[in-house]
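Here's the letter readout for the chains.
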Amino acid sequence: SDLDPVPEFEMIQGKFWLYSGKPEFAVSHFTVALELHPGLVNTRYLLGLTLLINAKTKLAENALTQTLEIFPGHPRALLLMAELLYKKKDYALSLDYLDSLIKKYPENFKAHLIMGLDLIGQKKFTRAENQFRKSLALGLPLKTYLYYSAVAHELSGKTKAAIKGYGKVLKLAPDSID
């Protein structure tokens, strides 16, 4: 009948609520859309993103895993999964997802940034610095590069280089003293 839910309409409703800053309302619409049409890859990704915003980390991870089972090369799902794994300190698995992403999308500066953070987590500071440099060349803002580079220097024991880097960050963005 005319009142039966339509997957596309449910997806649009979910996006509306997500982009309106009400992600808690978006989940039900994305879920209904996927119940009606399980193969909607971007809807499954958006469900994962929305669940993550709603602090439902395990459910978000499941939705992103399902997205990648359907479409293994989904760039946004690969990046979000890598970021999620980084936050869980699962650096090796995060790096696996980033390797897959960078093979197809080497210009993704966020992938290189997260890879650098994973490498810091593994105490591979020189390699981390190389990833931050790549990220800068691909569009990472200079102050962000300088900050993470300084962090890598600090954690690797290069105190003078770290202080110099933090000083440059404060010159570029004096309001970022925190």
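Because the structure is a prediction, the values reported are computed rather than measured.

Caption draft 1: Quick peek at the overall build of the chain. Per the secondary structure count, the chain includes 10 helices and 0 strands. The helix and strand sequence of the chain, counted from the amino end, reads α-α-α-α-α-α-α-α-α-α. With the C-alpha coordinates of the chain rotated into their principal frame, the extents come out at 70 × 35 × 25 Å. Here the chain, with 178 residues, has 40% of them falling under the buried criterion. Residue pairs at least 24 apart in sequence account for 40% of intrachain contacts in the chain once pairs closer than 6 positions are excluded. Element-wise, carbon and sulfur atoms account for 59% of the exposed surface of the chain, whose accessible area totals about 10300 Å².

Caption draft 2: Quick peek at the packing of aromatic side chains. The tally for this structure, following the rule as stated, stands at 6 aromatic pairs. Consider the rings of phenylalanine 16 and tryptophan 17, whose centres lie 5.0 Å apart with planes at 75 degrees: the pair is edge-to-face. For phenylalanine 16, a relative accessible area of 45% gives the class partly exposed. Through pairs of rings, three or more aromatic residues link up here, namely Phe132, Tyr147, Tyr148 and Tyr166.

Caption draft 3: Fine view of the confidence of the model for the chain. In this model, the chain carries a mean pLDDT of 93, and residues with pLDDT of at least 70 account for 96%. Summarising per-element confidence for the chain, the mean pLDDT is lowest in helix α1 (residues 7-19) (93) and highest in helix α7 (residues 109-121) (97).

Caption draft 4: The environment of proline 174, seen in detail. Among the structural elements, proline 174 can be located in the segment after α10 (159-172). On the basis of relative accessibility, which here comes to 58%, the residue proline 174 falls in the exposed class.

Caption draft 5: Spotlight on the side chain of glutamine 131. As for its placement among the helices and strands, glutamine 131 is situated in helix α8 (residues 125-137). A relative accessible area of 9% places glutamine 131 in the buried class.

Caption draft 6: Broad picture of the environment of valine 169. Considering the arrangement of structural elements, one finds valine 169 in helix α10. Since its relative accessible area comes to 8%, valine 169 is described here as buried.

Caption draft 7: Main features of unusual backbone geometry. For lysine 89, which is not glycine, the phi dihedral falls at a positive 65 degrees. Residue placement: lysine 89 occurs in the loop between α5 (75-87) and α6 (91-104). Among the residues examined, lysine 89 registers a relative accessible area of 60% and is labelled exposed. Not every positive phi belongs to a glycine, and lysine 123 is a case in point at roughly 65 degrees. Residue classification places lysine 123 among the exposed residues on the basis of a relative accessible area of 63%.

Caption draft 8: Structural view of the pattern of salt bridges. Across all of its chains, the model carries 3 salt bridges by this definition. The partner of lysine 87 in a salt bridge is glutamate 83, with the nearest N and O atoms 3.5 Å apart. Here glutamate 83 and lysine 87 lie together in helix α5, a separation of 4 residues that amounts to about one turn. You can call lysine 87 exposed: its relative accessible area is 59%.

Conventions we followed
- Along every chain, residues carry numbers that run from 1 in the direction the sequence is written.
- Whole-chain, interface and lining totals are the exception, using all residues; otherwise, since this is a predicted model, local features are given only for residues with pLDDT of at least 70 and side-chain atom pairs are given and counted only at 80 or more.
- Water and hydrogen atoms were dropped before computing side-chain values, which therefore reflect all heavy atoms in the structure.
- The secondary structure listing takes helices from DSSP runs of H or I that are at least 4 residues long and strands from runs of E that are at least 2 residues long, numbered from the N terminus.
- Only protein chains enter the accessibility calculation, which uses a 1.4 Å probe; a residue is then buried when its area is under 20% of its type maximum, exposed when over 50%, and partly exposed in between.
- Throughout, a residue-residue contact means that at least one pair of heavy atoms, one from each residue, lies within 4.5 Å.
- To measure how exposed things are, a 1.4 Å probe is used in the Shrake-Rupley method; for residues, cover is taken only from the protein chains shown.
- Two aromatic rings, drawn from Phe, Tyr or Trp (for Trp, its six-membered ring), form a pair once their centres lie within 6.5 Å of each other, and the interplanar angle then sorts them: stacked below 30 degrees, edge-to-face above 60, tilted otherwise.
- Across the chain, each position has a pLDDT score giving the predictor's confidence in that residue, from 0 to 100.
- Any Lys or Arg side-chain nitrogen located within 4 Å of an Asp or Glu carboxyl oxygen qualifies as a salt bridge.

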